[in-house]
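The residues making up each chain are set out below.
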Amino acid sequence: MVGSFLNMKRVCNIIRALSIVCLIFFAIIYVAFLVACLLSPQPQQALGAIVYTILHGTMICAIFTLIILGLSDVMKGHSPFTDKQVRRLVIAGFLFLAIALVELVFPLDMSWNLAGGSEAHIMLDASTISAGTNVNVAALLFAFASFCLSAIFKYGIILQKLSDDTV
C-alpha cells in the first residue's frame, strides 16, 4: 500500500513537472507570437491573430495551471475527491469548450514549423480560411471527458463521506 502510494506520488510529480515545462513553453510561444503580431507592419490585418492568440494562449495556459494545481494537491497527500478538484475539472471542461468556440469563430490556421536547424517559425495563416466550419473535435472530446471526470469525482466525494461516516 505504501509502495503504491509512493509510486503514485512519483508519477504525479513527473506529470506535474512535464506540465510545468509545457506551461512555460507555450507561454513563451504565445507571448513571442503576440509580440510578432503587434510588431507587424500592418497591425490592422493582424487584429484577428492578436485576439486569437490572447484567447487561445490564455485558455491553454489556464488548463496547464489547473493540471499543476490538481497534481500538487494530490502530491501533498490530499484526497483527489474534493470539491476543489471537481471545480477544477468543470473549469477545464468549460475551457476546452471555449477553445473549440474560439477556433470556430476564428477560422485561422496556426501552424508551428521547425525549419532548418535552430530556426523555429510560428505562422498564423489567414489565407487558409475555407468556406466550411472548423470544429475542434479533440477539444470537444476533452471537454466531455472533463465533465465526465468531474461527475465521477463528485460521486467519489459522496462515497468517501459515506465511508467516513461508517468508520
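Right above here is the structure, for reference.
First, a word on what this report is: a plain description of the structure on this page. (Residues numbered from 1 in each chain as written. Predicted model: local features only at pLDDT ≥ 70, side-chain atom pairs only at ≥ 80, totals over all residues. Heavy atoms only, no water.)

A word on the environment of S150
Now for step 1: Secondary-structure assignment places S150 in helix α4 (residues 137-166).
Now for step 2: Given a relative accessible area of 7%, S150 falls into the buried group.
Now for step 3: Separated by 58 residues in the primary sequence, S150 and A92 place their C-alpha atoms 9.8 Å from one another.
Now for step 4: Leaving out residues up to four positions away in the same chain, S150 has contacts with V86, L89 and V90. (Helix = DSSP H or I, 4+ residues; strand = E, 2+ residues; numbered from the N terminus. Buried < 20%, exposed > 50% of the residue type's maximum accessible area, 1.4 Å probe, protein only. Contact = heavy atoms within 4.5 Å.)

Comments concerning the layout of surface pockets
Now for step 1: Roughly 640 Å³ of volume is contained in the largest pocket.
Now for step 2: Lining of the largest pocket is provided by 19 residues; of these, L66, I67, L89, A92 and L149 occupy positions nearest its centre.
Now for step 3: Looking at the lining of the largest pocket, the elements that each hand over two or more residues are α2 (47-75), α3 (83-105) and α4.
Now for step 4: A total of eight residues in the lining of the largest pocket trace back to one element, the largest contributor, which is α2.
Now for step 5: When the residues that make up the lining of the largest pocket are grouped by side-chain class, the tally is 15 nonpolar, three polar and one charged. (1 Å grid on protein atoms, 1.4 Å probe; cavity = no way out; pocket = protein on both sides within 12 Å on 5 of 7 lines; lining within 4 Å. Points joined across faces, edges and corners; volume = space filled by probe spheres on them. Nonpolar A, V, L, I, M, F, W, Y, C, P; charged D, E, K, R; others polar.)

What to know about the packing of α3 against α4
When two helices pack together, their arrangement is given by the angle between the helix axes and the distance between those axes.
Now for step 1: Close contact between α3 and α4 brings their axes to 8 Å; oriented N to C, the two are set at 165°. Taken together, α3 and α4 sit at an angle that is classed as roughly antiparallel. Between α3 and α4 lies a crossing of left-handed hand. Across the interface between the two elements, D83, Q85, V86, L89, V90, A92, G93, F94, F96, L97, I99 and A100 from α3 touch A139, L140, F142, A143, S146, F147, L149, S150, F153, K154 and I157 from α4.
Now for step 2: The residue inventory of the contact of α3 with α4, partitioned by class, reads 17 nonpolar, four polar and two charged. (Axes fitted to C-alpha atoms, helices over the stretch in contact; angles between N-to-C directions. Parallel < 35°, antiparallel > 145°, perpendicular 65-115°, else oblique. Left-handed = near helix turned anticlockwise from the far one by under 90°.)

Some remarks on the packing of aromatic side chains
Now for step 1: Enumeration according to the criterion identifies six aromatic pairs in this entry.
Now for step 2: Note on F26 and Y30: the rings are 6.5 Å apart at their centroids and 35° apart in plane angle, and the pair reads as tilted. Here F26 pairs with Y30, and both are found in helix α1 (residues 2-38), just four residues apart, close to one helical turn.
Now for step 3: Summarising the aromatic geometry, the rings of F96 and F142 are spaced 5.2 Å apart at their centres and angled 25° between planes, so their arrangement reads as stacked. Of this pair, F96 sits in helix α3 while F142 is found in helix α4, placing the two residues 46 residues apart along the sequence.
Now for step 4: A residue is classified by how much of its surface remains accessible, and F96, at 15% relative accessible area, is buried. (Phe/Tyr/Trp six-rings, centres within 6.5 Å; stacked < 30°, edge-to-face > 60°.)

Regarding the packing of α2 against α3
Now for step 1: Packing of α2 against α3 brings their axes to within 10 Å, and their N-to-C directions diverge by 160°. Accordingly, the angle class assigned to the pair α2 and α3 is roughly antiparallel. Taken as a pair, α2 and α3 cross one another with a handedness that is left-handed. Residue-level contacts link Y52, L55, H56, M59, I60, A62, I63, L66, L69, G70, D73 and V74 of α2 to K84, Q85, R88, I91, A92, L95, F96, A98, I99, V102 and E103 of α3.
Now for step 2: For the contact of α2 with α3, the per-class residue count stands at 16 nonpolar, three polar and four charged.

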